[in-house]
Amino acid sequence: MLPAASQTAAAPPQTAAGTPDAMQQRALELEAARQQQKSAADTQAKLKADIAAIGQDRSKLNQQLIDIAAQVRAVENSIGDAEARLRALDSREQQIRLTLGSRRAEVVEVLAALQRAGRRTPPALLVTPEDALQSLHTAMLLGAVVPELRARADELAGNLGQLVGLRKAIGTERDRLAANRDKIRSDQTRLAALIDERQRKQAAIEKDMEAESGRAIALAKQVDTLQGLIGKMEQDLKSAAKAAATANAQGVPATTNGKPDLAALKNPNRRSPAIAFASAKGLLAFPVNGNKIRDFGGSDGAGGADKGISLATRPGAQVTTPCDGWVVYAGPFRSYGQLLILNAGGGYHVLIAGMERISVNIGQFVLTGEPVATMGTTSQVASILATNASQPVLYVEFRKDGTPIDPGPWWAANEGEKVRG
């Protein structure tokens, strides 16, 4: 038997994974995972409780859907703005760093001269911008320096000061961006639960919804044009025909002194458009946050003219309805990818294409600002692919009595003029 000392000496050294620090780190990671799991479970429990509290109150569900969808789109905007500011700040930081790098010898010379004037040892060459800036400020206060040296020092101090300020601004923007991303994940989880509840209740009302959806896709394969699709749906598909008949039977919404009654949009329990589509010019919001890349009447890249507009969006962006209307088609169609068609009444139809997933069904009445679809990660519309669009692209088209019309007059000029649900 080996002596105790020999046994101790012969014991294998601890592996990196078995060191106290590694074990403590592992314990912290496990605790963090448990906390995340608990937080997710708490969130789901709260969502279930909130949905249960809504019960059969359709107006509450509609209002929550519209409110959360608006929050998601607002945060999408905030994220886009923060990313744009970060790009500008990062670019400016890079420019200043390049300037300081090209003048490295001058920085050393000025610092050394100022430090000699103050009878202090020159600072180390490899210093942070904050250290260099402090050295400059300190040395400039120590005794008089020649005007030329002072001017060079002032210029360098200005560059270093900008760099320090930029670093702080970048840190602030990154924190804001992280907070917004956490917020949008939370809002999207809540929105998904509310959408599922809306569709569950819709399915309870329309027992044959699934069969109707399959029949709609089969009918869509029999036609080649959008107008043919609209006609086919509203004539041959029971739920779409019912929606079209309801739209045609509705009278013109009431107006006040010839102007649309915007207060009617605040009624989340309405079953018909609050505003006549023809009266909504200058009031509608884009269905998605994005930049217009193609306009009505412009070249479609194939020798023709665009019949709608195209918006480049963020991956996974939320799509909402620009107006009240009845869904007369929801599904894939030809080169349009996933296509949604709304009958807005008065002979008007709104076509929205290019989404990855649609979350409403044929025959459903949807409200202005209600979430109806989400974008994917790439362009789904074949005609847009020809432009090598690297982002998802949403295509929007307005039609009156079957003819494409310029949607330009309907879009609000600024945020304050858009109609809200």
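Above this text you will find the structure in question.
Residues numbered from 1 in each chain as written. Predicted model: local features only at pLDDT ≥ 70, side-chain atom pairs only at ≥ 80, totals over all residues. Heavy atoms only, no water.

A. Structural detail: the overall build of the protein chain. Looking only at helices and strands, the protein chain features ten helices and 13 strands. Out of the 421 residues in the protein chain, the part that is buried amounts to 42%. Relative to all contacts within the protein chain whose residues are 6 or more apart in sequence, the contacts with residues 24 or more apart total 69%. Just so you have it, the protein chain exposes about 22,100 Å², and 54% of that area is on carbon and sulfur atoms. (Helix = DSSP H or I, 4+ residues; strand = E, 2+ residues; numbered from the N terminus. Buried < 20%, exposed > 50% of the residue type's maximum accessible area, 1.4 Å probe, protein only. Contact = heavy atoms within 4.5 Å. Areas by Shrake-Rupley, 256 points an atom, 1.4 Å probe, with all protein chains shown as cover.)

B. Just the packing of aromatic side chains, in detail. Tallied over the entire structure, the rule returns ten aromatic pairs. Both rings, one in Trp 326 and one in Phe 365, keep their centres 4.9 Å apart while their planes meet at 55°; by these two values the pair is tilted. Residue Trp 326 is located in strand E6 (residues 325–332), and its partner Phe 365 is located in strand E10 (residues 365–366); the two are separated by 39 residues in the primary sequence. A single burial state applies to Trp 326 and to Phe 365, both of which are buried. Note on Tyr 336 and Tyr 395: the rings are 6.0 Å apart at their centroids and 50° apart in plane angle, and the pair reads as tilted. Of this pair, Tyr 336 sits in the loop between E6 and strand E7 (338–345) while Tyr 395 sits in strand E12 (residues 393–400), placing them 59 residues apart in sequence. Taking the relative accessible area as the measure of exposure, Tyr 395 reaches 7% and is therefore buried. Three or more aromatic residues joined by ring pairs form one cluster here, namely Phe 277, Phe 286, Tyr 348, Phe 398, Trp 410 and Trp 411. Of note, Lys 281 hangs over the ring of Trp 410, and the distance from its end group to the ring centre comes to 4.9 Å. Above the face of the Tyr 348 ring, Lys 400 is positioned so that its terminal group lies 5.3 Å from the ring centre. (Phe/Tyr/Trp six-rings, centres within 6.5 Å; stacked < 30°, edge-to-face > 60°. Lys NZ or Arg CZ within 6 Å of the ring centre and 35° of its normal.)

C. Representation of the sheet that holds strand E9 (residues 357–358) within the structure. Ordered by their spatial adjacency, three strands build an open sheet running E5-E11-E9, and the pairing between neighbours is antiparallel. On the outer flanks of this sheet lie strand E5 (318–320) and E9, each paired with one strand and no other. Of the pairings in the sheet, the one linking E5 to strand E11 (residues 371–374) comprises three bridges and is antiparallel in character. The residue bridging Gln 318 from the neighbouring strand is Thr 374, located in E11. (Pairing = 2+ DSSP bridges.)

D. Up close: the pattern of salt bridges. Inspection of the entire model under this criterion finds 14 salt bridges. In this structure, the salt-bridge partner of Glu 83 is Arg 181, at a minimum N-O distance of 2.8 Å. Remark: Arg 181 occurs in helix H6 (residues 147–205) and Glu 83 occurs in helix H3 (residues 58–102); sequence separation between them is 98 residues. Assessed through its relative accessible area of 35%, Arg 181 is described here as partly exposed. In this structure, the salt-bridge partner of Glu 173 is Arg 176, at a minimum N-O distance of 2.9 Å. (Salt bridge = Lys/Arg side-chain N within 4 Å of Asp/Glu carboxyl O.)

E. Region of the structure containing the environment of Thr 172. Along the chain, Thr 172 falls in helix H6. A residue is classified by how much of its surface remains accessible, and Thr 172, at 43% relative accessible area, is partly exposed. With 86 residues separating them in the primary sequence, Thr 172 and Leu 86 have C-alpha atoms 9.7 Å apart.

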